[in-house]
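# Results of the structural survey
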Amino acid sequence: MTSSFQQMWADLGPIGRDAGSGGYRRFAWTEADRDCRAWFRSEAEARGLTYEVDRNGNQWAWLGDPMAGDAIVTGSHLDSVPDGGAFDGPLGVVSAFAALDELRHRGVEFTKPLAITNFGDEEGARFGLACVGSRLTAGQLTREKAYELKDGDGISLPQAMERAGYDPSAIGRDDERLARIGAYVELHVEQGRALDLTGDAVGIASAIWPHGRWRFDFRGEANHAGTTRLVDRRDPMLPYAETVLAARREAELAGAVATFGKIAVEPNGVNAIPSLVRGWLDSRAPSPDDLDATVTAIEKAAREYADRHGVDLSVVRESFTPVIEFEDALRDELGRLMGGSVPVLGTGAGHDAGILSSVIPTAMLFVRNLTGISHSPAEYAAEDDCVAGVLALADVLEGLACS
Ligand code: HGY
Ligand code: MN
Ligand code: MN
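Residues numbered from 1 in each chain as written. Chains lettered and ligands numbered in written order. Predicted model: local features only at pLDDT ≥ 70, side-chain atom pairs only at ≥ 80, totals over all residues. Heavy atoms only, no water.

### Some remarks on the coordination of the manganese ion (ligand 3)
The coordination sphere of the manganese ion (ligand 3), as far as protein atoms go, consists of His77 (NE2), Asp88 (OD) and His188 (NE2), spread over 2.1 to 2.2 Å. Here the donor residues of the manganese ion (ligand 3) are spaced in sequence according to H-x10-D-x99-H. A separation of 3.5 Å is found between the manganese ion (ligand 3) and the manganese ion (ligand 2), both of which receive a donor from Asp88. With His77 in the loop between strand 3 (71-76) and helix 3 (90-106) and Asp88 in the loop between strand 3 and helix 3, the pair connects residues that are 11 residues apart, well separated along the chain. Across the pair, Asp88 and His77 agree in class, each one buried. (Donors = N, O, S within 2.8 Å, 3.2 Å for Na, K, Ca; no water. Helix = DSSP H or I, 4+ residues; strand = E, 2+ residues; numbered from the N terminus. Buried < 20%, exposed > 50% of the residue type's maximum accessible area, 1.4 Å probe, protein only.)

### Section: the coordination of the manganese ion (ligand 2)
Binding of the manganese ion (ligand 2) to the protein goes through Asp88 (OD), Glu123 (OE) and His375 (NE2), at separations of 2.0 to 2.2 Å. Within one chain, the residues donating to the manganese ion (ligand 2) are spaced in sequence as D-x34-E-x251-H. Classification of Glu123 as buried rests on a relative accessible area of 7%. Its relative accessible area of 40% is what places His375 among the partly exposed residues.

### With respect to the site of ligand 1
The environment of ligand 1 is made up of Glu122, Glu123, Arg284, Ala349, Gly350 and His375. Residue Glu122 places a side-chain N or O atom 3.0 Å away from a nitrogen atom belonging to ligand 1. Compared with its free state, where it exposes 210 Å², ligand 1 has 95% of that area covered by protein. Partitioning the shell around ligand 1 into residue classes produces 1 nonpolar, 2 polar and 3 charged. (Near = heavy atom within 4 Å. Polar contact = N/O pair within 3.5 Å; in protein donor to acceptor, adjacent residues only side chain to side chain. Areas by Shrake-Rupley, 256 points an atom, 1.4 Å probe, with all protein chains shown as cover. Nonpolar A, V, L, I, M, F, W, Y, C, P; charged D, E, K, R; others polar.)

### Focus on the pairing of strand 3
Burial of strand 3 is extensive: 6 of the 6 residues sit out of reach of the surface. Here strand 3 shows two buried faces, one formed by Ala71, Val73 and Gly75 and the other by Ile72, Thr74 and Ser76. Where strand 3 lies against strand 5 (residues 181-189), 4 bridges are found, and the strand directions are parallel. When the sheet's bridge partners are listed, Val73 is paired in strand 5 with Tyr184. In terms of strand pairing, strand 3 meets strand 4 (residues 114-118) through 5 bridges, oriented parallel. Across the sheet, residue Ser76 finds its bridge partner in strand 4, namely Asn118. (Pairing = 2+ DSSP bridges.)

### A closer look at empty space enclosed by the protein
Applying the stated criterion across every chain, the model contains 1 cavity of 30 Å³ or more. A volume near 30 Å³ is recorded for the largest cavity. Contributing to the lining of the largest cavity are Trp29, Asn56, Gly120, Asp121, Val132, Gly133, Leu136, Leu157 and Met161. Elements represented by at least two residues in the lining of the largest cavity include exactly helix 4 (132-138) and helix 6 (157-163). In terms of residues, the lining of the largest cavity owes the most to one element, helix 4, which gives 3 residues. (1 Å grid on protein atoms, 1.4 Å probe; cavity = no way out; pocket = protein on both sides within 12 Å on 5 of 7 lines; lining within 4 Å. Points joined across faces, edges and corners; volume = space filled by probe spheres on them.)

### Let's talk about the pairing of strand 7 (residues 211-219)
In terms of burial, strand 7 is largely enclosed, as 7 of its 9 residues are buried. Strand direction decides the pairing type here: strand 7 and strand 11 (residues 276-284), joined by 9 bridges, are antiparallel. Each residue of the ladder has a partner; that of His211, found in strand 11, is Arg284. Two elements, strand 7 and strand 12 (residues 312-321), share 9 bridges in a ladder whose sense is antiparallel. Bridge pairing in strand 12 links Arg219 to Asp312.

### Notes on the nonpolar core
Formed by 55 residues in total, the largest nonpolar core has its most connected members in Trp39, Phe40, Phe97, Leu334, Met338 and Leu365. Excluding anything up to four places from it in sequence, Leu365 contacts Val185, Glu186, Leu187, His188, Val202, Gly203, Ile204, Leu334, Met338, Ala392, Leu393 and Val396. Judged by nonpolar contacts, the second largest core, of 24 residues, contains Trp60, Ala138, Tyr184 and Leu345. (Core = buried A, V, L, I, M, F, W, Y, C linked by side-chain atoms within 4.5 Å. Contact = heavy atoms within 4.5 Å.)

### Considering the domain arrangement of the protein
Domain annotation of the protein identifies domain 1 (2-209 + 323-401) and domain 2 (211-321). Put simply, the middle of domain 1 and the middle of domain 2, counted by C-alpha atoms, are 33 Å apart. Contacts between domain 1 and domain 2 engage 14 residues on the former and 12 residues on the latter. When the area that domain 1 buries against domain 2 is broken down by residue, the three leading residues are Gly128, Trp209 and Val323, summing to 52%. For the pair domain 1 and domain 2, the number of links is 0 salt bridges. Across the contact surface, domain 1 and domain 2 share 7 residue pairs in polar contact (both at pLDDT 80 or more). Split into classes, the residues belonging to the side of domain 1 that touches domain 2 amount to 8 nonpolar, 4 polar and 2 charged. (Domains from an automatic or database assignment. Buried area = accessible area lost by both parts, 1.4 Å probe. Salt bridge = Lys/Arg side-chain N within 4 Å of Asp/Glu carboxyl O.)

Listed below in structure tokens is the structure:
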């Protein structure tokens with residue numbers, strides 16, 4: 001199993017990797033995404049699995065009869081954030097194939113269908129909404145709303161799918177497919193240091209913090225940077241900057257997190273006062289009330305700053321995921337199958353398993369990340385810990401699909 005893991009890791013590694021930053025730029029329905037999908041299909045077919053793409057563009061590799069029902073499904077995503085790391089997503093997909101290799105090596109008999117998946121567009125890096133593939137499948141994103149999604153160049157989601165050779169006409173809730181699934185288990189690199197602090201290679205997820213993305217549009221008045229008196233300016237960069245500081249202040253007060261990590265400026269000229277400063281807020285908190293209090297306070301402060309500078313402000317919520325509590329029974333079953341005394345930990349990171357938990361039993365395994373760094377080229381998990389994750393996933397799949 002280790003050699004198959006290493007080979008898959010080596011094959012997938014170069015796809016969509018930026019030579020300059022060393023990070024990944026695997027955005028939905030781009031060439032890098034196409035190449036990741038081709039890799040997935042080749043691994044599936046090399047194992048004699050039945051390959052298919054569902055109405056939402058998610059990839060599936062089946063062992064056994066896909067229509068038999070009560071299938072055990074495992075996988076993750078292959079897309080990335082801009083200059084993301086190698087492990088966020090791909091570790092779950094590679095580990096799924098490697099766990100199957102391990103189970104075949106053990107000679108186990110499957111009593112249920114097994115499927116390995118790649119859910120499309122989990123990061124939402126191109127169209128701004130997280131977990132598009134799983135949200136569509138779970139019915140949390142309607143076809144109509146999906147058709148409204150556009151990337152920074154104005155290309156819509158259906159246009160991007162068509163240009164990539166996929167038919168977007170039937171995207172939407174997939175009850176027929178959901179009815180075939182008994183449970184979904186996603187293995188993911190931990191995005192934090194909890195396991196490093198407990199000294200465990202693998203952990204089990206308990207919950208996902210509620211989290212969302214809000215777009216703040218500060219509209220001022222374009223003018224000459226050199227000749228416009230300060231008192232005459234309606235500069236949107238000033239309330240934006242004050243709002244960024246307010247976000248940190250309000251998050252600290254609420255025990256939440258808040259990040260302005262993406263900004264777009266028009267006309268974006270060195271010697272021009274901007275007409276528009278568009279900033280995206282990502283905020284997350286242990287409870288819905290904490291999140292609501294944080295974002296409400298940030299927006300209130302932003303409006304005061306905008307008024308003070310004669311700037312207009314609009315705030316739009318672009319993505320939201322409520323608090324996810326993974327169901328106890330499956331979580332505890334995983335703990336038992338992994339030999340007990342496995343740490344159970346919450347996370348502030350969103351996942352397809354979180355979205356799917358609204359419609360099917362789901363659970364997550366986390367693999368130790370020694371630095372906790374993620375969404376960065378520096379993201380890393382030690383090979384021994386990755387192997388421990390594969391063996392743990394194999395134990396779980398054997399217990400769920402081979403008993
Ligand atoms: O943003 C997240 O939490 C996830 O990486 N999509
Ligand atoms: Mn991520
Ligand atoms: Mn992820």
